[in-house]
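Breakdown of the fold
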Protein chains: 4
Amino acid sequence: MRTAEVFRLTMAHPGDLSELERLIAGGTIRAADVTAIIGKTEGNGGVNDFTRGYFTQTLMGLLSQHLNKPAAQLIREIPCVLSGGTEGVMSPHYSVFCVSEGVAQQYPSALAIGTAFSAPVPAEDVGRRVHVESVAAAVRKAIANAGIEHLDDVHFVQVKCPCVTVARAAAAIAVGKTPLTNDPNKSMAFARAAGAFGVALGLDEIKPADFDDSSLLSDFSIQSPRASISSGVEVESNEVVVLGNSPSWGGALRIAHRPMSDALDIGAVVDVLSDLGIAAQPQVSATDAGRIACVLVKCEPDRRGRIRGSRHTMLDDTDINAQRHIRGAVAGLVAGVIGDGRIFVSGGAEHQGPDGGGLIAVIASQTRSAT
Amino acid sequence: MRTAEVFRLTMAHPGDLSELERLIAGGTIRAADVTAIIGKTEGNGGVNDFTRGYFTQTLMGLLSQHLNKPAAQLIREIPCVLSGGTEGVMSPHYSVFCVSEGVAQQYPSALAIGTAFSAPVPAEDVGRRVHVESVAAAVRKAIANAGIEHLDDVHFVQVKCPCVTVARAAAAIAVGKTPLTNDPNKSMAFARAAGAFGVALGLDEIKPADFDDSSLLSDFSIQSPRASISSGVEVESNEVVVLGNSPSWGGALRIAHRPMSDALDIGAVVDVLSDLGIAAQPQVSATDAGRIACVLVKCEPDRRGRIRGSRHTMLDDTDINAQRHIRGAVAGLVAGVIGDGRIFVSGGAEHQGPDGGGLIAVIASQTRSAT
Amino acid sequence: MRTAEVFRLTMAHPGDLSELERLIAGGTIRAADVTAIIGKTEGNGGVNDFTRGYFTQTLMGLLSQHLNKPAAQLIREIPCVLSGGTEGVMSPHYSVFCVSEGVAQQYPSALAIGTAFSAPVPAEDVGRRVHVESVAAAVRKAIANAGIEHLDDVHFVQVKCPCVTVARAAAAIAVGKTPLTNDPNKSMAFARAAGAFGVALGLDEIKPADFDDSSLLSDFSIQSPRASISSGVEVESNEVVVLGNSPSWGGALRIAHRPMSDALDIGAVVDVLSDLGIAAQPQVSATDAGRIACVLVKCEPDRRGRIRGSRHTMLDDTDINAQRHIRGAVAGLVAGVIGDGRIFVSGGAEHQGPDGGGLIAVIASQTRSAT
Amino acid sequence: MRTAEVFRLTMAHPGDLSELERLIAGGTIRAADVTAIIGKTEGNGGVNDFTRGYFTQTLMGLLSQHLNKPAAQLIREIPCVLSGGTEGVMSPHYSVFCVSEGVAQQYPSALAIGTAFSAPVPAEDVGRRVHVESVAAAVRKAIANAGIEHLDDVHFVQVKCPCVTVARAAAAIAVGKTPLTNDPNKSMAFARAAGAFGVALGLDEIKPADFDDSSLLSDFSIQSPRASISSGVEVESNEVVVLGNSPSWGGALRIAHRPMSDALDIGAVVDVLSDLGIAAQPQVSATDAGRIACVLVKCEPDRRGRIRGSRHTMLDDTDINAQRHIRGAVAGLVAGVIGDGRIFVSGGAEHQGPDGGGLIAVIASQTRSAT
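Brief notes about the environment of Gly-305 of chain A
Looking at the element boundaries, Gly-305 of chain A is found in the loop between β11 (292-298) and β12 (306-307). Residue classification places Gly-305 of chain A among the buried positions, given a relative accessible area of 5%. In this structure, the C-alpha to C-alpha distance between Gly-305 of chain A and Asp-316 of chain A, residues 11 residues apart in sequence, is 8.8 Å. Residues in contact with Gly-305 of chain A, not counting those within four places in the same chain, are Ser-310, Arg-311, His-312 and Leu-315 of chain A together with Val-166 of chain C.

A short note on the relation of the copies chain C and chain A
At an RMSD of 0.0 Å, chain C and chain A line up after a rotation of 180 degrees and a shift of 0.0 Å along the axis. As the rotation angle and translation indicate, the two copies are arranged about a two-fold axis. Of every C-alpha in chain C, the one belonging to Asp-319 of chain C sits nearest the axis of rotation, 3.6 Å from it.

Here's the deal with the packing of helix α1 (residues 18-25) of chain C against helix α2 (residues 51-67) of chain C
All names here are of chain C. Their axes nearest at 11 Å, the elements α1 and α2 cross at an angle of 15 degrees. The angle between α1 and α2 places the two elements in the roughly parallel class. For the pair α1 and α2, the sense of crossing is right-handed. Mapping the contact onto sequence places Leu-20, Glu-21 and Ile-24 in α1 and Leu-59, Leu-62, Leu-63 and His-66 in α2. Its residues placed into classes, the contact of α1 with α2 shows 5 nonpolar, 1 polar and 1 charged.

Regarding helix α6 (residues 184-202) of chain B
Given 3.6 residues per turn, any residue in an α-helix points the same way as the ones three and four places further on. Residues and elements named next belong to chain B. Between the first and last C-alpha of α6 there are 27 Å, a value that for 19 residues agrees with the 27 Å anticipated at 1.5 Å per step. With 17 of 19 residues buried, α6 lies mostly within the body of the structure. Positive backbone phi, approximately 60 degrees, marks Asp-204, located one or two places after α6.

A look at the relation of the copies chain C and chain D
Laying chain C over chain D is done by rotating through 180 degrees and shifting 0.0 Å along the axis; what remains is an RMSD of 0.0 Å. In this assembly the copies share their binding face: 100% of the residues contributing to the interface of chain C also contribute to that of chain D.

Observations regarding the sheet that holds strand β6 (residues 154-162) of chain D
Residue and element names in this part refer to chain D. Taking strand neighbours across the sheet as the criterion, the 4 strands line up as β5-β8-β6-β7 in an open arrangement whose pairing is mixed. The strands lining the two open edges of the sheet, one partner per strand, are β5 (110-120) and β7 (227-232). Strand-to-strand twist across the sheet, computed as the mean angle between neighbouring axes with direction ignored, equals 15 degrees. Both β6 and strand β8 (residues 237-246) contribute to a ladder of 6 bridges, which runs antiparallel. Its bridge partner lying in β8, Val-154 is registered against Gly-244.

Analysis parameters
- Residues numbered from 1 in each chain as written.
- Chains lettered and ligands numbered in written order.
- Predicted model: local features only at pLDDT ≥ 70, side-chain atom pairs only at ≥ 80, totals over all residues.
- Heavy atoms only, no water.
- Helix = DSSP H or I, 4+ residues; strand = E, 2+ residues; numbered from the N terminus.
- Buried < 20%, exposed > 50% of the residue type's maximum accessible area, 1.4 Å probe, protein only.
- Contact = heavy atoms within 4.5 Å.
- Least-squares fit on C-alpha atoms with pLDDT ≥ 70 in both.
- Axes fitted to C-alpha atoms, helices over the stretch in contact; angles between N-to-C directions.
- Parallel < 35°, antiparallel > 145°, perpendicular 65-115°, else oblique.
- Left-handed = near helix turned anticlockwise from the far one by under 90°.
- Nonpolar A, V, L, I, M, F, W, Y, C, P; charged D, E, K, R; others polar.
- Expected span 1.5 Å × (residues − 1).
- Pairing = 2+ DSSP bridges.

In structure tokens, the structure reads:
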């Protein structure tokens, strides 16, 4: 029976994989079991955030040594989904998702993991319908890979989508192609929208006829409460990680998710913990905190400029990028309830959960005594 | 019997006092009753944050018209304490503290307000013992002004201290004086430390022999859980606002405060609300939120680089000032519990509450039905 | 005979008009002669730069006292064109343009100044053809006001255009209007494009049939080498200042301009000085520097991501706004040639001079011995 | 006869060494000849700039493959001096310094290169006398390595010094040591000062008795016009590259240097080019630009807050680090004269050239027809 384990590790800087190295050397982690990585690095989270590439290069070099495979091959087999930006109380860390065989079943249902990669997405396709369909196909592949039978059992779909830099846009234009935009931050937003539509399509939440190119970043009634999309310059394909619960998996972990209605939705945080049998009154106890393996959050500065009627200034700030603002705020809230800054809070939640809000997913042990 | 009222008003930009204008024009506020202003403007909160000066100039111009006194005089009579930086979910707003006569007593004890101004602090004194003593004297004057008899009844002392800019430092040096530093951000930190020591001294929390110049920004066991200090280029004197409860005041408002042990201390937020008879499970209800008149928070990026054992990156970030980071995070937490972004969260909490944490004070109506 | 004078004054902060106050008090400047202000304040130059509003409020308050007219009227009569952002070696300063009567003619032709205001531009019109036409009409009015007969004698047309904030966009949408964009930085760019097209149209450089809505920020072959456009939240109308030379004006000043082909075009700087009889080998001498009254520059980060074949990183930087980058770089170059940081360098040069470059205009005395 | 060559290569991102890879693969560069790298990466240049570490890891991995030596050894043999921050018109690039044997002498004197590494510098030593002496010893070693006989023939000494992060400071304090500061940006400044003093001492410009610990960042009359110091979190030892001219070296290259008196000192730029027989009237011609192999500049925001009497705002800016400001400005000036953005402009010039200024060194071919 396949079993999923999650190791949440810290790093001293984006090139520091020493904790993973130590766990592999000590036998706690088998390098061959590493299936996916989801982490937060301390960059700015924007187009010129190279902490993600630095971490990825270091990770693939490390695994390459242990697996005796070229890094260039591993990077196409193991999704490494990094979100830059550890604003405020967030702590740089990465969660290593491992899948192994042979553990006896402990619970009726347990965390299941599946991954998939699409073909590279050309610059001129980014943020368009063809991009959406490319993501949807990869999502279905990853669900099959996880062996999850019911789409309802999928709780979180992480997709890393490529975006367009000024250079990539210029290259595409030079050969007669027309990228949607040559503004890199705009491109990242369209790529995230395409990812969210792709997840919704892959999960049958929407139908092919429900949208066209113009719906992206425009019709915000289209949304998937289970989609978490990052976008970055360092990938060329869509990389997909599907997380759900399945009776055909062993292990103690379990995942739950909740949409967040806005950036102040502390109720969603408390509720998702409650779904996993964990109380927060007002903070998770140290014992229960030990059961939490991974916290995944998407958030977004409200486009309409207001939160519950009060004006916010995130979108009008020329000094600090709006995504950095919202990540810092929502991380402050979630970390306060959890009592831990090692949480994955990622901005750019367009079409991922309610407009102006986002979503939260938590993975925790079903065993009361420890992780 | 003196009665304190607090009007929490929003602004469209730092020069927009139209809400106050409207309330004065409509007779809701008497210009002569305006005793102090505490607000958040949408600047960066640093040395080059001119939103505070802009707001103050506009405010004093407005009151000058209504009171028929020169603005230059009013600015020395009415403390206008602004903290720049509405990171994340915070909403630019200002609380107008009004004191009037003649309302009958409703509760055994109610919100009391007192203010005071010190003489100007020369650039070379900023952040030194003489600065501390100047603050302490002003605090005592403000307590007397409020008519609060027991120091225990003081819950919040807001001080705005002058700091040193490169230009002020150069001017002082030119006449043979030696400012403590010519680094403006460093100067703001020393000024805040002096303010906190001054409050502690004024409240008899510490004795004159307990510290010398070298204790500031160094001995963090010295702290006042009731001190909230801002520093800015736009003031030359220490401006003090004392808030407490007193049996000799009428009105429905009441204040409580709690120290915050660190940036994740959601318990302090829930507890201070509980002190005022307001539940947060996990969020304050809309009805109870209507009772809350003012939320005042101080916070600080932990100097030791860790929060509950996990590394944070606020102090090593060259792109975003550490104070902007921590304000955004703590505001995210507090606003999530309160359900409202119109909160005053100010960074630079050196010696103001526990090291690495800070404090929270809330003013709320004792009357259950309304504001 | 009308005579134009330019006083270049420094400020300690955006609310500091003490130099102007002193010159008025001392009789050097007659308040009634103040016709326009062009200056650099130390904000970020973006949507949330309130240094411009602060300065303007202070200026109008000062002139109001001296002219015995309400500030609200003056703000509609005296263009106050401020560009935020004194990156690098730039020094905050403002040039006061004064027009007086009665001085005898010194030179065959001299600096002429004209101003005009358009009606307010609704949020939904910003960046569209109707905005262009509104600017063009105001430009023609300002030329007439200056009494410049030949369009060739116009050397510099400064326009300040209103833009759309998130709040203004929301307000327009609420009443059924459709702003071009609700991204404030994007809106500022469209507003600047409309201003440049308006100047080109007003100067007969382009014809009404040469463009439509879609040409703005798209057809960069349309450009005016004499247009300098700023955009900001603090204005609602287009404010126009026309500068040229005219035989019907007295005084010693003269203006010249040159297009800048890119951000490295030091030749344009040297050439425009040469047009005024000033040598830079490599720097203007202290004596000649004394003849220079005002330096006005527009610049732009090259949209194609390269300067002379080498990749630049301005457009991909999430930490520092691209306009701040380019202003700092071009100001470094121009200030190095002039030997003075009191120069007006403004970003956002879309359609203002060659694509990826911009323009420079200099006003200098024709008299060799002094200012 | 040893011959020095310099290859100035571009990169698409900090992990892109493809140009070097191509030149090695094509036989233009022998991997074994690579002696040092000096480059500009597109980070923020501060404590949390990881583009330097990313580039270095990639470089050492590449050379490791070609040289069949572990990267961990190469990093202690080949100085890789990177300065983060390509503000404004600067283009990310790196100069590969190669030394080979056997070329016949072309000119009486030619570019000579020497390198050296010190032992690691403990956190508590950073910025103190023992740090200075460690640098001085390494400088002397590098001069010997270059075979330069007369100290006057040394024109540029690049040192990369370790600095202290919050984490390193905490670790030192935990074992009873006292770092000079735990403010990382302050630490970087002290490290650069120690490097500059070390160069001055190594070049006999100052004597051991001329300074003590308190002179660093305090006595700015102590300065070396040939010292270029960077500081970063990614190194633990001082890494030294000495560049000079020597009759015992072959090749066509030659180096010259000039102090820069302030950030507007365009004369120094023109003069250093003139020293190499290159005219700039006002810009270097395309032909002569082809002779220029490397441009190295150090600069500094004037600590006194003024440049030639005019106030600058770099030191009071909470949004943009002062070093980013000054790099952008000085690079704008130098690139304008050279006509090329591929220049190394590094901030933090404390004690490196005149106070408030810095220095410029240029390497160019003595052969008129080409590089």
